[in-house]
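# Summary of structural features
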Amino acid sequence: MKELDVVTFGETMVLLTSEPMTPLEYSSHFYKQIGGAESNVAIGLQRLGHSVGWFSKLGNDPFGRYIHKFVRGEGVDTSRCIYTDEAPTGIFFKEKRSSTDIKVYYYRKQSAASLLSPDDLDEEYIGRAKFLHLTGITPALSLSCREAVFKAIEIAKKYKVKIVFDPNIRLKLWTLEEARPVLLAIAAEADVVLPGLDEGEWLSGRNTPEEIARFFGNEKLVIIKLGEQGAYYRFKCESGYVKGFAVPQLVDPVGAGDGFAAGVISGLLRNESIPDVVKRGNAVGAIVVGINGDVEGLPNEGELEEFLQGAVHHRDVKR
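What this report covers is the structure whose coordinates are included nearby. (Residues numbered from 1 in each chain as written. Predicted model: local features only at pLDDT ≥ 70, side-chain atom pairs only at ≥ 80, totals over all residues. Heavy atoms only, no water.)

### Topic: the overall build of the protein
Secondary structure assignment for the protein yields 11 helices and 14 strands. A buried classification covers 55% of the 319 residues belonging to the protein. Sequence-distant contacts, at least 24 apart, represent 69% of the contacts inside the protein between residues at least 6 apart. Working note: accessible area of the protein is about 14,200 Å², and carbon and sulfur atoms make up 50% of it. (Helix = DSSP H or I, 4+ residues; strand = E, 2+ residues; numbered from the N terminus. Buried < 20%, exposed > 50% of the residue type's maximum accessible area, 1.4 Å probe, protein only. Contact = heavy atoms within 4.5 Å. Areas by Shrake-Rupley, 256 points an atom, 1.4 Å probe, with all protein chains shown as cover.)

Right under this line is the structure:
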């Protein structure tokens, strides 16, 4: 029996968010949070009732310890995290001038997480999972991180662990020309691929969700994220569009894609139909954008069910 629903790994950094509506250079106060695609997904899944393991290489410094404690405090298994004295924990800053004008500045070059290598992987640990979640961020950090990703894929195949891949292209880390062959190689091994529309166009050279999904092949579940419009899915002979949810107020769009991934994986673990899997992903993404922070808006199962039932749109104050 598989002991973990999902295992994921990658860099999580300390996020310092400046005062709202103030340019970063004039901000004097910052809010300390965490942010990292893989840990966002791990926390999202844990809140939805699934057992999840996340690991990374963290600097042996206050920020590294803060990240470890935060993720562990959410109930995620962090037993395979590694501390190092060779490099610091990465940090990044978020400048929010409005809900639609957000800039992110990374200070992650040669960070502790970039030192992650195949030797840091616990084969038995990965093999215990039902799903391995990967993003395109980790292979962009360094050659050793890239090797670790492909080693993890090899392990997953050996133990029949299904692979979920979110391309998450970060052009501040590498060029599209560098990224494309690596990301396509990972996608080729994945069972589930979750590109955004722009990412799908960049990787496939196709222009429509239908053409992009066909490019990735019929034997894997491909879900193209379309923002507020919802998503398009294709798996073998089944395909279709699933409408998105109206968002009462857009507060912070960062992290919506990770919320979507958590919702999708949750639906797959619950053996829901593909349209319901995509609907769950759409719902989590819509909830996340209404709250500041990468993980703060991720719902628990009760909150998600309430949202899906529509109660969130017309409820009165809870007393």
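### Here we look at the environment of Glu305
In this fold, Glu305 is placed in helix H11 (residues 301-308). For the pair Glu305 and Pro275, spaced 30 residues apart in sequence, the C-alpha to C-alpha distance is 16 Å. With near-sequence residues (within four places) excluded, Glu305 lies in contact with Arg270 and Arg280. Here the side chain of Glu305 touches Arg280 through a polar contact of 2.9 Å, side chain to side chain. (Polar contact = N/O pair within 3.5 Å; in protein donor to acceptor, adjacent residues only side chain to side chain.)

### Let's talk about the nonpolar core
Ranked by internal contacts, the top residues of the largest apolar core, which has 87 residues, are Phe9, Leu134 and Ile223. Ranked by residue count, the leading element in this core is helix H10 (residues 274-288), at eight residues. Ignoring sequence-local partners within four residues, the contact set of Ile223 consists of Val193, Leu194, Pro195, Ala231, Tyr232, Tyr233, Phe260, Val264 and Val278. (Core = buried A, V, L, I, M, F, W, Y, C linked by side-chain atoms within 4.5 Å.)

### Here we look at the sheet that holds strand S8 (residues 101-107)
Here four strands make up an open sheet; going across it, the order is S3-S2-S7-S8 and the pairing mixed. Two strands bound the open sheet, and with one partner strand each, they are strand S3 (30-35) and S8. Put simply, the sheet's adjacent strands are angled 25 degrees from each other on average, direction ignored. The pairing of strand S2 (residues 13-18) with S3 spans six bridges and is antiparallel. From the neighbouring strand, Thr17 faces S3, where its bridge partner is Tyr31. (Pairing = 2+ DSSP bridges. Axes fitted to C-alpha atoms, helices over the stretch in contact; angles between N-to-C directions.)

### Remarks on the sheet that holds strand S9 (residues 129-135)
Read across the open sheet, the eight strands follow the order S4-S1-S9-S10-S11-S12-S13-S14; overall the sheet is mixed. Of all the strands in the sheet, the pair left with one neighbour each is strand S4 (52-55) and strand S14 (238-243). With four bridges connecting them, strand S1 (residues 4-9) and S4 associate as parallel partners. Counterpart to Val7 in the pairing with S4 is Gly53. Set on the sheet, helix H5 (residues 143-158) makes contact with S1, S9 and strand S10 (162-166); between it and S9 the angle comes to about 160 degrees.

### Observations concerning the pattern of salt bridges
For the structure on display, the rule yields 16 salt bridges. The salt bridge partner of Glu124 is Arg128, with a shortest N-O separation of 3.8 Å. Note that Arg270 is salt-bridged to Glu272, the shortest N-O span being 3.0 Å. Residue classification places Arg270 among the partly exposed residues on the basis of a relative accessible area of 39%. In this structure Glu272 comes out as partly exposed when scored by relative accessible area, which is 23%. It is possible to trace a salt-bridge network through shared partners that takes in Arg270, Glu272, Arg280, Glu301 and Glu305. (Salt bridge = Lys/Arg side-chain N within 4 Å of Asp/Glu carboxyl O.)

### Examining H10
Over its 15 residues, H10 runs 21 Å from end to end, which matches the ideal 21 Å to within 8%, given 1.5 Å per residue. Most of H10 is tucked away: 12 of the 15 residues are buried. Of the positions making up H10, those classed as buried are Ile274, Val277, Val278, Arg280, Gly281, Asn282, Ala283, Val284, Gly285, Ala286, Ile287 and Val288. (Expected span 1.5 Å × (residues − 1).)

That is the geometry; function is a separate question.
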